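Residue-level listing of the chains:
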Amino acid sequence: MTSPPLAFPAPWALTLALLLGAGGAQAQATAAQTTAAQTTPTATLTLQAALAQLAQAPSVTQAQLSVQVAQQNLNAAQSALGLSVSVTGNASYTGGSTTTAVDGTTSASASSLGGSAGVQASLGLLPWSSGQASLRTAQRSLALAQARLAQAQASARLNVYQQYLAAVVAQRDVTLATQTLALRQRQLEIARTQRAQNNATQESVLSAQANVQLAQAALLEAQSSLEVARLSLAAVLNRNLTGVTFTTAPASTYTLPDLNALVTRARTNTADVVEAQNNLAAAQETLEQQQRDARLPDLTASLRYGPASSGGLSASLDLKGGNAAVGYALPLGTSGGSAGASSSRVVASVSGSYVVYSPALRAQISAAQANVTQTQLTLNVTQQNAELNVRTLYSSAQTALVTLQSRQTQVEVAQAALSAAQARLKAGTGTADDVTSAQIDLAQAERNLVQARASAQTALIQLQNAAGGSP
């Protein structure tokens, strides 16, 4: 009895054997990796635990240090604004001398030692004093540092959400790819069995083999995406996340915030707007200073009550500098003693100057006015850009929520298809593979739903960040 002829040439048989052998080896390697992963205990990381480690982010740490420096500068400016008390003193010595009169007589004067010791208090009295200006500058610097800290925290928070949710979706992809690979391997075995019974063609076997290889490639890609997301999140949190699984799923429901409130916050709270506001305030102060220099005289008034020579109670006011001072000095020494015996009196003096004509001063005022105009325009443009960014991200968030509803509907469709496949299997008109395919379709729909939820959550966080962070 002769053997039946081969259904395909020997080279095709060799090629098919090699392909099947390679597929089987890869399948065994994948199964071994899966078994090893299942037997190795893994740690878990929740989203809240990841967010709790945001303080370790380098950008957040740097911004926090900037806030601390700005706060210390403000404290120093507030301290310098208060009353300043200092001790004063001076000493002098006058040697003896001989004087000859016209008639030839001489008279001698003894040497004398004089001086005074006292105390003086000064205060930045007027609003344009240097202490007041330093205080306003320190306040603006602190506000900008706080806005930049909020921006750094919001950016780091968004990065954690993005990488964490990407890892959650990648875990779904790995599970889905593993299930798909198992189905394709089973379909390949069926095709090989059918081919051995001459019930399938060589093309169907090769097609099934190609599907297995595509499924293996999809699994490798999903595993790679998961590893990338894990490493990216580890870099943000500054910790090792090898072997960690991510257990927090995206939220299922979302609500769009009020657009007008977001626009209002964006036009006042974002770091770029705060910086532009600070630049405008500094330019306005410079203009006011230039105008004050042109309008006010450089005037210093002083008042003293005490002995005729020196000492006693004194007060002074620097009009342009905005500073006032009061003090008391006690004469010392022989000259001071003789002076102290004299009666006390009031001595008042005023000295000053006023610029009548100065082209340079006018040019400085014109430059300061131009700077105010420029910084005002910059602030307007910055606010407009902030508003445009909010409106653009608001539209993106709306699109993400609509897509989320569509993905939810697709899950319901996949669930109905699975129920129908199970009913056909029970009635004997369907196969187990049909049910498995429907289950994989449902898993794919659920994965797409998780991706849509992650996208919606990320879009809403980006929208809040564009408005200056959470209210």
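Per an unreviewed UniProt entry, the chain goes by Outer membrane protein and derives from Deinococcus metallilatus. Per UniProt, the comment on the chain under Sequence similarities (unreviewed entry) is "Belongs to the outer membrane factor (OMF) (TC 1.B.17) family."

1. A word on the sheet that holds strand 10 (residues 345-353)
Hydrogen bonds between backbone groups are what pair the strands of a sheet, and the pairing can be parallel or antiparallel. Strands sit in the order 2-5-9-8-7-10 across an open sheet of six strands; the sheet is antiparallel. Two strands bound the open sheet, and with one partner strand each, they are strand 2 (84-94) and strand 10. The average undirected angle you get between the axes of adjacent strands in this sheet is 15 degrees.

2. Considering helix 6 (residues 259-269)
For an α-helix, the turn length of 3.6 residues means that residues three or four places apart are oriented alike. Burial in helix 6 covers these residues: L262, V263, R265 and A266. In a view along the axis of helix 6, the buried residues occupy a sector of 165 degrees, so they form one face of it. The exposed residues of helix 6 that point more than 90 degrees off its buried face are N260 and T264. Tucked inside the fold, the buried residues of helix 6 contact helix 7 (271-295), helix 9 (359-427) and helix 10 (432-466).

3. With respect to unusual backbone geometry
Although it is not a glycine, N198 sits at a positive phi angle of roughly 60 degrees. With respect to the secondary-structure elements, N198 resides in the loop between helix 4 (130-196) and helix 5 (202-237). If you check the backbone angles, N238 has positive phi at about 60 degrees while not being a glycine. For N238, the position within the fold is in the loop between helix 5 and strand 6 (245-246).

4. Things to note about the packing of aromatic side chains
Within this structure, the stated rule accounts for one aromatic pair. Judged by centre distance (5.3 Å) and plane angle (85 degrees), the ring pair of Y164 and F246 falls under edge-to-face. Here the residue Y164 occupies a position in helix 4, and F246 occupies one in strand 6, the gap between them amounting to 82 residues. Across the pair, F246 and Y164 agree in class, each one buried.

5. Some remarks on the nonpolar core
In terms of nonpolar packing, the biggest core is built from 52 residues, with L45, V160, Y164, L233 and F246 touching the most fellow members. Sorting the residues of this core by element identifies helix 2 (47-51), helix 3 (58-81), helix 4, helix 5 and helix 10 as the ones contributing at least two each. The greatest single-element share of this core, amounting to 21 residues, is contributed by helix 4. Ignoring anything within four residues of it in the chain, the contact list for F246 reads L45, Y164, A167, V168, Q171, L226, R230 and L233.

6. Points about the side chain of R292
With respect to the helices and strands, R292 occurs in helix 7. Comment: no salt bridge for buried R292; closest opposite-charge side chain is E288, at 5.0 Å. Setting aside residues up to four positions removed in sequence, R292 forms contacts with W128 and K320.

What counts, and where the lines are drawn
Each residue is numbered by its place in its chain's sequence as written, counting from 1. With the structure being a predicted model, the display of local features is reserved for residues of pLDDT at least 70 and the display and counting of side-chain atom pairs for 80 or more, all residues being used for whole-chain, interface and lining totals. Neither water nor hydrogens contribute to the side-chain values; these are computed over all heavy atoms in the structure. UniProt positions are given in the numbering used here, feature names are shortened, and annotations may be inferred rather than shown by experiment. Here the rule is simple: two strands pair whenever DSSP picks up at least two bridges between them. Segments assigned H or I by DSSP are reported as helices when at least four residues long, segments assigned E as strands when at least two residues long, and all are numbered from the N terminus. Each axis is a line fitted through C-alpha atoms, taken for helices only over the stretch in contact, and angles between the N-to-C directions span 0 to 180 degrees. Remark: exposure states derive from per-residue accessible area (1.4 Å probe, protein chains only) relative to the maximum for the residue type, with buried under 20%, exposed over 50%, and partly exposed in between. When we speak of the arc, we mean the arc of directions from the helix axis to the C-beta atoms. The contact criterion used throughout is that any non-hydrogen atoms of two residues lie within 4.5 Å. Working definition: a ring pair exists when centres of Phe, Tyr or Trp rings (six-membered ring for Trp) sit within 6.5 Å. Plane angles under 30 degrees give stacked, over 60 give edge-to-face, the rest tilted. To qualify as a nonpolar core, a set must consist of buried Ala, Val, Leu, Ile, Met, Phe, Trp, Tyr and Cys residues joined through side-chain atoms within 4.5 Å. His is not counted, nor are the chain ends; Lys and Arg add positive charge and Asp and Glu add negative charge. Throughout this description, the term salt bridge denotes a Lys or Arg side-chain nitrogen within 4 Å of a carboxyl oxygen of Asp or Glu.

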